[in-house]
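Working through the structure, step by step
Now for the letters of each chain:
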Amino acid sequence: MRHLVLFLYFLFLSSGFAGISVSFILWKRTGDRFMGWISAVLVSFTLWLIITMINYYARRIIGVSIPVVAILNGVNFMLGTFSYLFMFVALLSSKVRLRPWFYLLCLGPIFLYYLLILIGSTLLPALLAPAADYPHLYGMFSVAAGSAFVGLVGYGYLRSAELSPQDTIRFLRRWLGWGMIGFSGIIFLTGLILTLGAADFQPAITLEFLFFFLWNITVLIAFLRYLTRPSAFIEEGKISEAFIKEFKISAREAEVIALVARGLSNKEIAESLHVSFTTVRTHLYNIFRKVGAGSRVELLQIASGYRQ
């Protein structure tokens, strides 16, 4: 059993380091803040896994003291908190704004979960004294809160996917979103079974790390897809020469297209290029006319058919 656990730790850590590397590359290439926060999720998850591995072998093989184990558990709790916080911030980084009540709905269950943790050592026993026949009530709520949070954030990723101007970011939002929705159902059912049947059961490899492994695989697939699919944005946001020659794009128009690909608005493009808002609109009109595009998304889809 120990050899299997060690193999899984090695597999998950390898995927974690690979996922961090390619996510940083995609962040640099696309310039999208969503990709930056995904990188932060993978970094915190990887650190969480490393501390969990140290804790597991320290308790079962080396035999460290209880205070050391308590410290490691506290660090793990903080890393897990940051991992899920970064997932939510990645949703906020989208230029597609969902309704405010949706964000509150995402945060509601997880806020109550942490509130119960804070008051659990003092007020909670008294509050739940009449419910002594239900010792797993707290565990059931924790599972429900966590799965609800993950599922709602995943739904937010899906809602914002199709409106993202970059194909790679659309792909990541879509598949990470579906993965989070599916995982929320799995973790709820599994957690409910474990909570009701074996409250003290603590597996060496938890479902969170399987979820983390699937995130890394999704990011790796997105990176391979980015490398193999034609792209007009080869290096540092530059447009391919083939695209420029085909449609007779000027140097200034190429700069405008590169900034459009990064998701900037007309006002932001004007500020970046130090020109007027009207000038940017004129450039975009000329670009759409030359390329035959009717929208920014269509423009980027046409441009992505050309590689250096």
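Residues numbered from 1 in each chain as written. Predicted model: local features only at pLDDT ≥ 70, side-chain atom pairs only at ≥ 80, totals over all residues. Heavy atoms only, no water.

Attention shifts here to the overall build of the protein chain. Within the protein chain, the secondary structure is distributed over 13 helices and zero strands. Counting helices and strands in the order they occur from the N terminus, the protein chain gives α-α-α-α-α-α-α-α-α-α-α-α-α. For the protein chain, the proportion of its 308 residues judged to be buried stands at 43%. For the protein chain, the proportion of contacts with a sequence separation of at least 24, taken over those separated by at least 6, is 74%. Within the structure as shown, the protein chain displays about 16,400 Å² of accessible surface, and the carbon and sulfur contribution to it stands at 69%. (Helix = DSSP H or I, 4+ residues; strand = E, 2+ residues; numbered from the N terminus. Buried < 20%, exposed > 50% of the residue type's maximum accessible area, 1.4 Å probe, protein only. Contact = heavy atoms within 4.5 Å. Areas by Shrake-Rupley, 256 points an atom, 1.4 Å probe, with all protein chains shown as cover.)

Bringing the pattern of salt bridges into the picture now. Using the criterion set out here, one finds two salt bridges in the structure. We note a salt bridge from Arg252 to Glu255, for which the minimum N-O separation is 2.9 Å. Residue Arg252 and its partner Glu255 are located together in helix α10 (residues 251-261), separated by three residues, close to a single helical turn. When its relative accessible area of 32% is taken as the criterion, Arg252 is described as partly exposed. (Salt bridge = Lys/Arg side-chain N within 4 Å of Asp/Glu carboxyl O.)

Glancing now at the packing of helix α12 (residues 277-291) against helix α13 (residues 296-303). In contact at an axis separation of 11 Å, α12 and α13 are set at 50° when each is read in the N-to-C sense. In this view, α12 runs oblique relative to α13, as classed from their interaxial angle. Every pair of crossing elements has a handedness; the one defined by α12 and α13 is left-handed. The segment α12 lies against α13, with Leu284, Ile287, Phe288 and Val291 engaging Arg296, Leu299 and Ile302. Its residues assigned to classes, the contact of α12 with α13 comprises six nonpolar, no polar and one charged. (Axes fitted to C-alpha atoms, helices over the stretch in contact; angles between N-to-C directions. Parallel < 35°, antiparallel > 145°, perpendicular 65-115°, else oblique. Left-handed = near helix turned anticlockwise from the far one by under 90°. Nonpolar A, V, L, I, M, F, W, Y, C, P; charged D, E, K, R; others polar.)

Attention now goes to the packing of aromatic side chains. All chains considered together, the criterion is met by 19 aromatic pairs. Taken together, a centroid distance of 5.6 Å and an interplanar angle of 35° make the contact between Trp37 and Phe86 tilted. With Trp37 in helix α2 (residues 33-62) and Phe86 in helix α3 (residues 66-92), this pair connects stretches of sequence that are 49 residues apart. Arranged with centres 6.3 Å apart and planes meeting at 85°, the rings of Phe88 and Tyr103 form a pair that is edge-to-face. Linking Phe88 in helix α3 with Tyr103 in helix α4 (residues 100-119), this pair joins segments that are 15 residues apart in sequence. When sorted by exposure, Phe88 lands in the same class as Tyr103, which is buried. Here the aromatic residues Phe45, Trp48, Tyr84, Phe88, Trp101, Phe102, Tyr103, Phe149, Tyr155, Phe209 and Phe212 are joined through ring pairs into a cluster of three or more. A cation over a ring is seen here: Arg173 above Phe34, with NZ or CZ 4.0 Å from the ring centre. (Phe/Tyr/Trp six-rings, centres within 6.5 Å; stacked < 30°, edge-to-face > 60°. Lys NZ or Arg CZ within 6 Å of the ring centre and 35° of its normal.)

The next point concerns helix α11 (residues 266-273). Every buried residue of α11 is listed here: Asn266, Ile269, Ala270 and Leu273. Down the axis of α11, the smallest arc covering the buried residues is 100°, so these residues share one side. Relative to its buried face, α11 has exposed residues pointing more than 90 degrees away, namely Lys267 and Glu271. The secondary structure elements touched by the buried residues of α11 are α10, α12 and α13. (Arc of directions from axis to C-beta.)

The residue Lys248 is not glycine, and still its phi comes out positive at about 55°. Along the chain, the position of Lys248 falls in the loop between α9 (241-247) and α10. On the basis of relative accessible area, Lys248 is assigned to the exposed category, the value being 65%.

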